[in-house]
Amino acid sequence: MNSPRVPHLVCPAGSLRALQLAVDAGADAVYMGLKNTTNARNFAGLNFDVAQAREGVAYAHARGRQVLMALNTYADARDATPWYRAADSAVEMGADALILADPAVMAHCREHHPTLRLHLSVQASATSYEAIDFYREHYGVQRAVLPRVLTLSQVGHVVRNSDVEIEVFGFGSLCVMVEGRCALSSYATGQSPNNAGVCSPPNAVRWHDTAFGVEARLNGVLIDRYGPEEPRGYPTLCKGRFDVQGQRDYALEEPTSLNTLAMLPELMAIGVAAIKIEGRQRSATYVEQVTRVWRAAIDDCAAAPERYAVHPAWTAALGRFAEGQQHTLGAYNRPWR
């Protein structure tokens, strides 16, 4: 009987410090992006300029780890040159793979950098093996990151029927399950995370002290109101609270974090190639602590999958970083199906 495939642990890096901590804590690979609109997490104060990226790649490579560069927004149809230049720069600095969503950028890479590994971004929203194989046949994609909408059995079906490596999200924030197709930011601000590089652009975010509490507004749109002692998350439309039929609640999505530690043996058994931790916009402490937990869990499961169990200490550690202090298995577990 063959041993289960041990998946790579792919961890986020929104800064050079986060990259270094992820590597030191046991990540097999880190993913990062540049300080521009080629990056779907282009938050102010985060990400890498070319010099920092080159230093990060050198740090990871010196320790036998990989660096994946996320150029995962869709290129501007009027001028795709910045995306092509970013891809060329990533190759020059030694990135091990590019995470891409736009076929035009994939075509550029296949023509100019034919030996470069290409990973299909979750932003491409490919949920079937037929869609993934299209990108393999036309652009040479070698790995695909699945959107967080599939059940575990559906993930297994994709893995069994595709020659492309499959990467899945294991921990971190959820979205409203339309990765690569979100129009909420566009509705409120005129800027979309799919091409402007950030959800809830900082220049559109405003906080106001009022007699009713602290209001969070996005380009003037009231999306939440917080009490004096209530923790305040980064304001996004999908996780705002609204009055609906006389009841104030999370109308679209309640803040909660995906946590798949409990199904790690199943993920390994079906043969996923990599498990991804979400959070390039999160702190370096988050990256370090979450990476350490997942490194320990993957190592334990690989050594003895039949005896694997989630340690209470792991749950407690991850609980400190969960949105809304809640965990979910997300779409992976749908007992009603």
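As a reminder, the structure under discussion sits directly above these lines.
Below or above, wherever it landed, is the structure these notes cover.

What counts as what
Residues numbered from 1 in each chain as written. Predicted model: local features only at pLDDT ≥ 70, side-chain atom pairs only at ≥ 80, totals over all residues. Heavy atoms only, no water. Helix = DSSP H or I, 4+ residues; strand = E, 2+ residues; numbered from the N terminus. Rg over C-alpha atoms; globule rule 2.2 N^0.38 Å. Buried < 20%, exposed > 50% of the residue type's maximum accessible area, 1.4 Å probe, protein only. Contact = heavy atoms within 4.5 Å. Areas by Shrake-Rupley, 256 points an atom, 1.4 Å probe, with all protein chains shown as cover. Lys, Arg positive; Asp, Glu negative; His and termini not counted. Charge placed at Lys NZ, Arg CZ, Asp CG, Glu CD. Polar contact = N/O pair within 3.5 Å; in protein donor to acceptor, adjacent residues only side chain to side chain. Axes fitted to C-alpha atoms, helices over the stretch in contact; angles between N-to-C directions. Nonpolar A, V, L, I, M, F, W, Y, C, P; charged D, E, K, R; others polar. Disulfide = S-S within 2.5 Å. Pairing = 2+ DSSP bridges.

Summing up its helical and strand segments, the protein has 10 helices and 15 strands in all. For the protein, whose C-alpha radius of gyration is 20 Å, the value lies close to the compact-globule estimate of 20 Å for 337 residues. Projected onto the principal axes, the alpha-carbon positions of the protein cover approximately 60 × 55 × 40 Å. Out of the 337 residues in the protein, the part that is buried amounts to 51%. Sequence separation of 24 or more characterises 64% of the internal contacts of the protein that already satisfy a separation of 6 or more. For the protein, the accessible area works out to roughly 15,200 Å², and carbon and sulfur atoms hold 50% of it. Charged side chains in the protein number 32 positive and 34 negative. The centres of these two groups are separated by 1 Å.

What follows covers the side chain of Thr189. Its location among the elements puts Thr189 in helix H7 (residues 184-189). From its side chain, Thr189 meets the backbone oxygen of Ser185 in a polar contact 2.7 Å long. For Thr189, the side chain forms a polar contact with the main-chain nitrogen of Gln191, separated by 3.1 Å. Dropping the residues within four chain positions of it, Thr189 is found in contact with Pro201, Ala204, Leu218 and Asn219.

Before going further, it helps to spend a moment on the packing of helix H4 (residues 103-112) against helix H5 (residues 129-139). Running from N to C, H4 and H5 cross one another at 35°; their axes reach a closest spacing of 10 Å. Side by side, H4 and H5 meet where Pro103, Met106, Ala107 and Arg110 of the first sit next to Tyr135, Arg136, Glu137, His138 and Tyr139 of the second. Tallied by class, residues from the contact of H4 with H5 come to five nonpolar, one polar and three charged.

Moving on, we come to the state of the cysteines. Tallying each qualifying case throughout the model produces zero disulfides. Cys301 provides the cysteine sulfur closest to Cys11, a residue in no disulfide bond, and the two sulfurs are 16 Å apart.

On to the sheet that holds strand S8 (residues 205-210), then. Pairing within the open sheet is antiparallel, and its three strands lie in the order S8-S9-S10. Both outer strands of the open sheet, S8 and strand S10 (221-226), are each paired with one neighbouring strand and no more. If you compare each strand with its neighbour and ignore which way they point, the axes differ by 25° on average. Two strands pair when backbone bridges link them, and strand S9 (residues 213-218) and S10 are joined in this way by five bridges, in the antiparallel orientation. Looking across to S10, one finds that Val214 is bridged to Tyr226.

This part takes up the environment of Gly233. With respect to the element layout, Gly233 can be found in the loop between S10 and strand S11 (241-244). Judged by its relative accessible area of 38%, Gly233 falls in the partly exposed class. Spatially, the C-alpha atoms of Gly233 and Ser125 are 26 Å apart, while their sequence positions differ by 108 residues. Not counting the four nearest positions on each side in its chain, Gly233 is found in contact with Trp207 and Tyr226.

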